[in-house]
Amino acid sequence: MREIRLMKGNEAIAEAAIRCGVDGYFGYPITPQSEIMETLMLEKPWEKTGMVVLQAESEIASINMVYGGAGCGKKVMTTSSSPGVSLMQEGITYLAGAELPCVVVNVVRGGPGLGTIQPAQSDYFQAVKGGGHGDYKLIVLAPSSVQEMADFVELAFDLAFKYRNPAMILSDGMIGQMMEKVEMKPFTPRWTDEEIVQMHPWATTGKPSSRERNIITSVELDANAFERFNHKLQAKYKQIEENEVRSEMFECEDADYLLVAYGSSARICQKAVQLLRAKGIKAGLLRPITLFPFPTKEIQALLGHVKGILSVELSAGQMVEDVRLAVEGKVKVEHFGRLGGVVHSPEEVVEALQSKIIGG
Amino acid sequence: MSIDIKDIIKPENLVYQKSRLLTDRVMHYCPGCTHGVVNRLIAEVIEELGIQQDTIGVAPVGCSVLMYNYIEVDWHEAAHGRAPAVGTGIKRLLPNKYVFTYQGDGDLAAIGTAETIHACNRGENMVMIFINNGIYGMTGGQMAPTTLQGMKASTCPFGRDVERDGNPLRMTEIVATLPGTCYVTRHAAHTAAAVRKLKKALFKAFDNQKNNKGTSFVEVVSTCNSGWKMTPVQSNKWMEDNMFPFYPLGDIKDV
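Residues numbered from 1 in each chain as written. Chains lettered and ligands numbered in written order. Predicted model: local features only at pLDDT ≥ 70, side-chain atom pairs only at ≥ 80, totals over all residues. Heavy atoms only, no water.

Caption draft 1: Spotlight on the domain arrangement of chain A. Residues and elements named next belong to chain A. We note that the domain assignment places domain 1 (3-193) and domain 2 (247-358) within chain A. Between the C-alpha centres of domain 1 and domain 2 the distance comes to 27 Å. Of the residues lining the interface, 29 residues belong to domain 1; the matching set on domain 2 comes to 25 residues. Our count for the contact surface shared by domain 1 and domain 2 stands at 3 salt bridges. For Arg-287, the salt bridge goes to Glu-148, with nearest N and O atoms at 2.8 Å. Seen at the junction of domain 1 and domain 2, the total is 15 residue pairs in polar contact (both at pLDDT 80 or more). (Domains from an automatic or database assignment. Contact = heavy atoms within 4.5 Å. Salt bridge = Lys/Arg side-chain N within 4 Å of Asp/Glu carboxyl O. Polar contact = N/O pair within 3.5 Å; in protein donor to acceptor, adjacent residues only side chain to side chain.)

Caption draft 2: Local environment of the state of the cysteines. Summed over all chains, the structure comprises 0 disulfides over all chains. Left unpaired, Cys-269 of chain A is separated from the closest cysteine sulfur, that of Cys-252 of chain A, by 11 Å. Considering cysteine sulfurs only, Cys-120 of chain B is the nearest to Cys-182 of chain B, which forms no disulfide, with 9.9 Å between them. Given the relative accessible area of 2%, Cys-182 of chain B is considered buried. (Disulfide = S-S within 2.5 Å. Buried < 20%, exposed > 50% of the residue type's maximum accessible area, 1.4 Å probe, protein only.)

Caption draft 3: Region of the structure containing the nonpolar core. Of all hydrophobic cores here, the largest spans 124 residues; its most connected members are Met-77, Leu-291, Ile-299, Ile-309 and Val-323 of chain A. Ranked by the residues each element gives to this core, the list is headed by helix H7 (residues 146-163) of chain A, at 12 residues. A domain split of this core shows at least three residues from each of domain 1 (3-193) and domain 2 (247-358) of chain A. Residues within four places of Leu-291 of chain A in sequence aside, it is in contact with Tyr-124, Val-128, Val-140, Ala-142, Leu-170, Tyr-262 and Met-319 of chain A. Within the second largest apolar cluster, 36 residues are counted, among which are Leu-41, Ile-42, Val-127 and Ile-131 of chain B. (Core = buried A, V, L, I, M, F, W, Y, C linked by side-chain atoms within 4.5 Å. Helix = DSSP H or I, 4+ residues; strand = E, 2+ residues; numbered from the N terminus.)

Caption draft 4: Spatial organisation of the sheet that holds strand E7 (residues 166-172) of chain A. Residue and element names in this part refer to chain A. Strand order in this open sheet of 7 strands is E3-E2-E4-E5-E7-E6-E13, and the pairing throughout is mixed. What marks the edges here is a single partner per strand, and that holds for strand E3 (52-55) and strand E13 (290-292). Mean inter-strand twist for the sheet, computed between neighbouring axes without regard to direction, equals 20°. (Pairing = 2+ DSSP bridges. Axes fitted to C-alpha atoms, helices over the stretch in contact; angles between N-to-C directions.)

Caption draft 5: Just helix H5 (residues 82-97) of chain A, in detail. All names here are of chain A. Over its 16 residues, H5 runs 22 Å from end to end, which matches the ideal 22 Å to within 8%, given 1.5 Å per residue. At Met-88, H5 shows its maximal kink, close to 50°. For H5, every residue scored as buried is listed here: Ser-82, Gly-84, Val-85, Met-88, Gln-89, Gly-91, Ile-92, Thr-93, Tyr-94, Leu-95, Ala-96 and Gly-97. At its buried positions, H5 is contacted by helix H4 (59-71), strand E4 (76-80), strand E5 (102-108), helix H6 (124-128), E7 and helix H10 (223-243). One or two positions beyond H5, positive phi appears at Glu-99, with a value near 55°. (Expected span 1.5 Å × (residues − 1). Bend = angle between axes of the 7 residues up to and from the residue.)

Next comes the structure, spelled out in structure tokens:
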């Protein structure tokens, strides 16, 4: 029987984590995502599945607890919002450098600095282009509904373990706080210790005499060896780009004009497309679901009929750079978006397309 | 009459041998450094407790960053200061394993102060080993949180000025006040007697994990000949005369 519930995006993350067999959650409270840990503590998953939930002393400690747990081959995650995710960047680059799987959720709020607690998409660069030091990439998923908040927890873990790479769910305060109906998946049992030893022979599970010791590290003092390791990482990212792009099209088949938007902004742009179509303007929406890897080819495939593109983000224009790289100057690409926690309306998007692209 | 070495190397003449858990890698530590001795003692304790396949070590940033090359257990190399958080993650998810962290003074008592105090306060059931030589060795002899008043380092070339730099931090006394710690002790490794006492302390600290008693915290007051710019012999003397009065040896807490 289908199990349908009405819940907040943040609650859906917590519930999905318990159900998909997550072993450990380590976090620190921050608005607008504190419901995630609150829900976990209320649900007492340690009694149901054996999942560990711990409130750490800081985001720095949370991500390093994740680092330790991930090294053991366990499914571990943390969640935070923008200022907290900035603090986690040190641990995230170590996780990427040690090639460990984990899931980090960023329920983005407006920045820079302490900023605001209202929704924003101004952490795109941080999530997609690096964030911490060094040449590394995260697998970045952008949910645009409460259903996707739930579904992407499992998907993020699947991808993280497939590529031994940290995955990030880049959400925002709107998706985190809004309530929608969600179809919950049935419980998947946590991996047993024996399964982990079999599936993840690299994990620090204690060294038996039958194998060499396992060492989780990101240090390599020989520059030539470290260059070879970096090339190996880059080859992995290339493979992710080839295999894991996910996007959704809305009214794109005959579109003269294209909106590109992810997450909550994509919800608004869907309405904007309907308003534009009602005016006789053939508009469509491409919604990247993976931000890294970015749907470059999917955008390029529409350039036969699309005459102009508007990248609509709750930021000063970050994803627009990736859209421009995909388009390679073939058509006009502009950015529109409200900043600092203000959310644009569908009417504002319609007006922006008309003034910046159609009439511009 | 000449003695043939083969006549001496016989099982009945064996008085000491390297722990089976120590690898054959040549240690990168400077001659006279305390790290090598402590690394060896940890290997011996793990071997004698028979917990090799149940032990996970957390290596730090600093001189002992490559410690995972020397002891035959699974290792996790942490970021600077974060070993207690990494150890927490491991121990919470593998509660039946033995977990130990190994950190220097800059790592444990400066950049990782929050992680240290909170891991001890939660009573994480693991061993925390704290090498305190009052200086940053790996980065080239800078002032540490435990550098003594007046002691020279490359970032306090005229000596630590407590008006400017604050007083040296006695982290071990601080964590002893926390209910989460079960065993807090301070040792050295400069004489045969001190080495024997330290080994006993490490043995007890590891063994405490079996009984889920909380955090065992073992400080080792140490030398850094290179950073202190002294010979190993001078360093040991200087440590006795200057470090021990401020960092007195012995058990601070044992419950």
